[in-house]
2 protein chains.
Amino acid sequence: MGVKLGILGLGTVGTGTVQLLQDGAGRHPLLQEIEIYRVGVRSLHKHRAVELSTEVLTTDLEAIVNDPAVDIVVEVMGGLEPARSLILKALNNGKHVVTANKAAIARFGAEIFTAANQAGVYVMLEAAVGGGIPVIQPLKQSLSVNRINAITGIVNGTTNYILTRMQTEGSNFSDVLADAQQLGYAEADPTADVEGLDAADKIAILASLGFDGRINLQDVYCEGIRQVSKTDIAYAEKLGFVIKLLAIAKRNISSFSSSLSVRVHPTLVPKAHPLASINGVYNAILVEGEPIGQVMFFGPGAGAGATASAVSSDILNLVAVLKTKTVDPNLLLACGHQEYCQIAPMAELVTRFYARFLTKDQPGVIGKLGTCFGNYNVSLESIVQTGFQGELAEIVVVTHDVREGNFRQALAEIQSLEAIDSIPSLLRVL
Amino acid sequence: MGVKLGILGLGTVGTGTVQLLQDGAGRHPLLQEIEIYRVGVRSLHKHRAVELSTEVLTTDLEAIVNDPAVDIVVEVMGGLEPARSLILKALNNGKHVVTANKAAIARFGAEIFTAANQAGVYVMLEAAVGGGIPVIQPLKQSLSVNRINAITGIVNGTTNYILTRMQTEGSNFSDVLADAQQLGYAEADPTADVEGLDAADKIAILASLGFDGRINLQDVYCEGIRQVSKTDIAYAEKLGFVIKLLAIAKRNISSFSSSLSVRVHPTLVPKAHPLASINGVYNAILVEGEPIGQVMFFGPGAGAGATASAVSSDILNLVAVLKTKTVDPNLLLACGHQEYCQIAPMAELVTRFYARFLTKDQPGVIGKLGTCFGNYNVSLESIVQTGFQGELAEIVVVTHDVREGNFRQALAEIQSLEAIDSIPSLLRVL
Ligand SMILES: NC(=O)c1ccc[n+]([C@@H]2O[C@H](COP(=O)([O-])OP(=O)(O)OC[C@H]3O[C@@H](n4cnc5c(N)ncnc54)[C@H](OP(=O)(O)O)[C@@H]3O)[C@@H](O)[C@H]2O)c1
Ligand SMILES: NC(=O)c1ccc[n+]([C@@H]2O[C@H](COP(=O)([O-])OP(=O)(O)OC[C@H]3O[C@@H](n4cnc5c(N)ncnc54)[C@H](OP(=O)(O)O)[C@@H]3O)[C@@H](O)[C@H]2O)c1
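Residues numbered from 1 in each chain as written. Chains lettered and ligands numbered in written order. Predicted model: local features only at pLDDT ≥ 70, side-chain atom pairs only at ≥ 80, totals over all residues. Heavy atoms only, no water.

As annotated in an unreviewed UniProt entry, chain A carries the name Homoserine dehydrogenase and is attributed to Komarekiella delphini-convector SJRDD-AB1. Annotation of chain A in UniProt includes, under Sequence similarities (unreviewed entry), the sentence "Belongs to the homoserine dehydrogenase family." (UniProt positions renumbered as here; feature names shortened; annotations may be inferred.)

Contact with chain A, which involves 52 residues of that partner, is made by 52 residues of chain B. Overall, the association of chain A and chain B removes approximately 4,200 Å² of surface from exposure, summing both partners, and the carbon and sulfur fraction of that is 57%. By the criterion of area lost to chain B, the three top residues of chain A are V145, R147 and F298 of chain A, representing 16% of everything that side buries. Across the chain A-chain B interface, the total number found is four salt bridges. There are 16 residue pairs in polar contact (both at pLDDT 80 or more) connecting chain A and chain B. (Contact = heavy atoms within 4.5 Å. Buried area = accessible area lost by both parts, 1.4 Å probe. Salt bridge = Lys/Arg side-chain N within 4 Å of Asp/Glu carboxyl O. Polar contact = N/O pair within 3.5 Å; in protein donor to acceptor, adjacent residues only side chain to side chain.)

Core analysis: the largest hydrophobic core is formed by 162 residues, its most contacted members being I162 and L206 of chain A together with I162 and L206 of chain B. Residues in contact with L206 of chain A, not counting those within four places in the same chain, are V129, V135, I136, L139, I151, V155 and I285 of chain A. (Core = buried A, V, L, I, M, F, W, Y, C linked by side-chain atoms within 4.5 Å. Buried < 20%, exposed > 50% of the residue type's maximum accessible area, 1.4 Å probe, protein only.)

What follows is about the UniProt feature "domain: ACT" (unreviewed entry) in chain A. Annotation from UniProt places "domain: ACT" (unreviewed entry) at residues 354–430 of chain A. With 30% helix and 48% strand, residues 354–430 of chain A has end C-alpha atoms that lie 10 Å from one another. (Helix = DSSP H or I, 4+ residues; strand = E, 2+ residues; numbered from the N terminus.)

As a further point, take a nonpolar patch on the surface. On the surface, a cluster of nonpolar side chains totalling about 260 Å² of accessible area is made up of L183, Y185 and V281 of chain A. When you line up the elements, Y185 of chain A lands in the loop between α7 (173–183) and α8 (191–194). (Patch = residues over 30% accessible without salt bridge, like charges linked within 9 Å, V, L, I, M, F, W, Y side chains within 5 Å. Areas by Shrake-Rupley, 256 points an atom, 1.4 Å probe, with all protein chains shown as cover.)

Let us now look at the relation of the copies chain A and chain B. For the pair chain A and chain B, the best superposition has an RMSD of 0.0 Å and corresponds to a rotation of 180 degrees with a translation of 0.0 Å parallel to the axis. Such a combination of turn and shift is consistent with a two-fold rotation axis. Across chain A, the smallest distance between a C-alpha and the rotation axis is recorded for F297 of chain A, namely 2.5 Å. Of the interface residues in chain A, 100% have counterparts in chain B that sit at the interface too, so the contact is made through matching surfaces. (Least-squares fit on C-alpha atoms with pLDDT ≥ 70 in both.)

A probe as big as a water molecule, rolled over the atoms, marks out the empty space that is left. One pass over the structure, following the stated rule, counts one cavity of 30 Å³ or more. In this structure, the largest cavity encloses a volume near 30 Å³. The wall of the largest cavity is formed by Q137, P138, Q141 and S142 of chain A together with Q137, P138, Q141 and S142 of chain B. Classifying every residue of the lining of the largest cavity gives two nonpolar, six polar and no charged. (1 Å grid on protein atoms, 1.4 Å probe; cavity = no way out; pocket = protein on both sides within 12 Å on 5 of 7 lines; lining within 4 Å. Points joined across faces, edges and corners; volume = space filled by probe spheres on them. Nonpolar A, V, L, I, M, F, W, Y, C, P; charged D, E, K, R; others polar.)

Another point: the UniProt feature "binding site: NADP(+)" (unreviewed entry) in chain A. Residue and element names in this part refer to chain A. Those residues carrying the UniProt feature "binding site: NADP(+)" (unreviewed entry) are L8, G9, L10, G11, T12, V13, G14 and T15 in this numbering. Tracing the backbone through its elements, the reader meets L10 in the loop between β1 (3–8) and α1 (12–22). Dropping the residues within four chain positions of it, L10 is found in contact with T15, V18, V39, G40, V41, R48, V50, L52 and L57. In this structure V13 comes out as buried when scored by relative accessible area, which is 19%.

Structural data, given as structure tokens:
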């Protein structure tokens, strides 16, 4: 007898998944065991790109997660509620769950995994990070023999698309955003992408897997790309960098405690770095561990087909479990950690900075800046007067590694200097 | 009670693996269940970088694979024999096997997997391709819901190191090779790397997994990098390409049969292609499938630590199986295919070509070349007289997609032209 799926949602991802499952030839033979038993949607009157018999399509999503015949619930409806409640009900009813919902997992992961552990079932979430890219499963399995030191990702396709176009065309953020919205690469409300919130959800999930602990989403520092200007992209280019929105989870090796830094912000990435050449809507996740060194996973971070691949591979894993009616030890390689990771405040981060200053064109202003930085042990790699903007001289500074707290103190002092007009940009350097 | 390993070999990979297993803190907790029970070597008198008690180290490898106490045999000794016989004995004795030995798997895979299937045990080989990069497991699991169209890899670190240095320094092959040998990046006998044989072993293994069939190693076309000149690297650069040794397995969509092309050769790769920026000793494997699109796996293709990570993750998977004493359905997702893939002869390959000609400086020589190509339906993208070498004019040609057989016929006709001195290079274009 087949394994019965109850799919919640038939939008981009749901449709892609149904298409893949309905067209099994040339794919893994176990997919043939799957029956698309119920699909829950909001409206029965929409045109659907897939054919489903009338008893399959329903608007009663509660009935799906409560139906004893359903073996696996596939949550591809998105949003926080009712997705959270439906997932929890499915788990409590002893059903395995596959989800693509990073927002729900990043916020309710603790609750959801606790429920899954209690019910002895699995929550699979390959599609929640990096779209089609297999990264969750490798983190749980192949890479788990390593001590993970850092996970650094370009995990939001919209912002990477915008930054790539700003870079190649020399355009402004707002112009590219408007165009991206017209082309369908950015949503009408781009907040979650542009402010880095979507990337924050994803790095919270990756950090939890890589560092074996729960992550409190409020602890994730998050800065979007609105303030990235074409001026800074051009200066970065000259200095040998490209600007990327990076999501970073890193073990603080400098401190004695075993704290992490988990953060999302635009970052100057050296051109030779593997993440520097990830362009357009593509995503990539770089994992650094001991003894493996650096490995990177690259691919389409979104889209119906790619995401359907990830959702279906999770389903396939569960079908294999259900067909043999055993607890799958490989899935168990996922950690049922209960502890929260300790996340250090940003002031304790040690990083390099790039900053751009507008100053009154006075003699000795570079010297004054240097003195302020020196007062707080901020060591500079370069300080260059790059030109003028009207009456004001423009100065670009790149620091060596520095404690963020110290750097901020120096900036506060600099801001109070009479010679300083403003500090239009401040970016971290990888 | 612990899971007992019998490790065959304590060289680079064996030592790295023992070090990882002996230092388990901060890694997957299941690693604690492992006991390094026996390690087989050639000499008991060598200095070893790891401490093992005297009853563990032995020169009697037969005894290890025949010892009923051994649960998993880890073959990291390399070579064809006695590795093949020892693996087969271990399997016949009901032991799972982990191996890093691409040479043995590429040649004896059919025999080895048949023995494993008969005994109901697993052969794990993550380390055989791409060193530490998780690529075997993703191909067997996450990506198996896709129809794979192509697998394209930079899977040999030595040749990629040499080509990268030739590119950045403008140096000759032989100079860089000599230097690479001194620095330990190339072996004293570099044949297997430089002639593409190691890459051929690896693409045979990847093709077998991606296309669900056995691969006859003799069917894999193989061309090394000895004939790649700094002149061609420079021309390629001008045309927007870098030259990489690619290992390619591809479904021939043009033909009616479902044949594959499986091949290793130096290739002009467009600079914007994801594989173009893989430099030095790094490896990368690009998988193209439907519906996922392109995904790429990047990382260290060799080295003690990286390879130990892959070997240990295979061991971990098997420990999970042994601890629950169930057949692991996820490992079963590997295909026990028995059929051989049909591999098309190279004459049927459809590809672009780059060729460089030395011709007598006669009027109309470009026209004559063009006519010959036209006679065999070879359509040209560009044909440029690039300069002179002594008395001879140098002409560089790039074709559109063409059947290799047609191109070769055109070349044969061209070679017989009075105006043609020689054809110093002929390379395929991705
Ligand atoms: N799109 C991507 O490329 C992508 C990539 C990775 C992850 N994801 C994640 O995958 C999930 C789904 O994304 P999507 O792009 O497929 O979304 P979508 O196109 O908006 O589709 C949502 C589907 O869920 C149904 N739905 C939503 N709320 C419902 C409710 N309260 N009751 C009944 N049905 C409801 C909708 O029904 P109607 O059709 O009747 O409106 C629709 O079929 C999200 O969590 C997203 O973050 C998406
Ligand atoms: N090195 C890498 O980075 C790498 C990466 C991926 C895969 N691999 C694969 O991993 C395997 C091992 O490579 P390696 O670099 O670790 O090799 P290695 O350094 O040459 O070590 C070989 C080990 O096997 C032992 N050995 C070899 N033949 C033996 C025999 N007939 N009887 C007893 N012991 C024997 C040697 O014993 P003694 O120590 O006593 O001489 C030595 O400990 C090969 O298949 C290789 O292709 C290597």
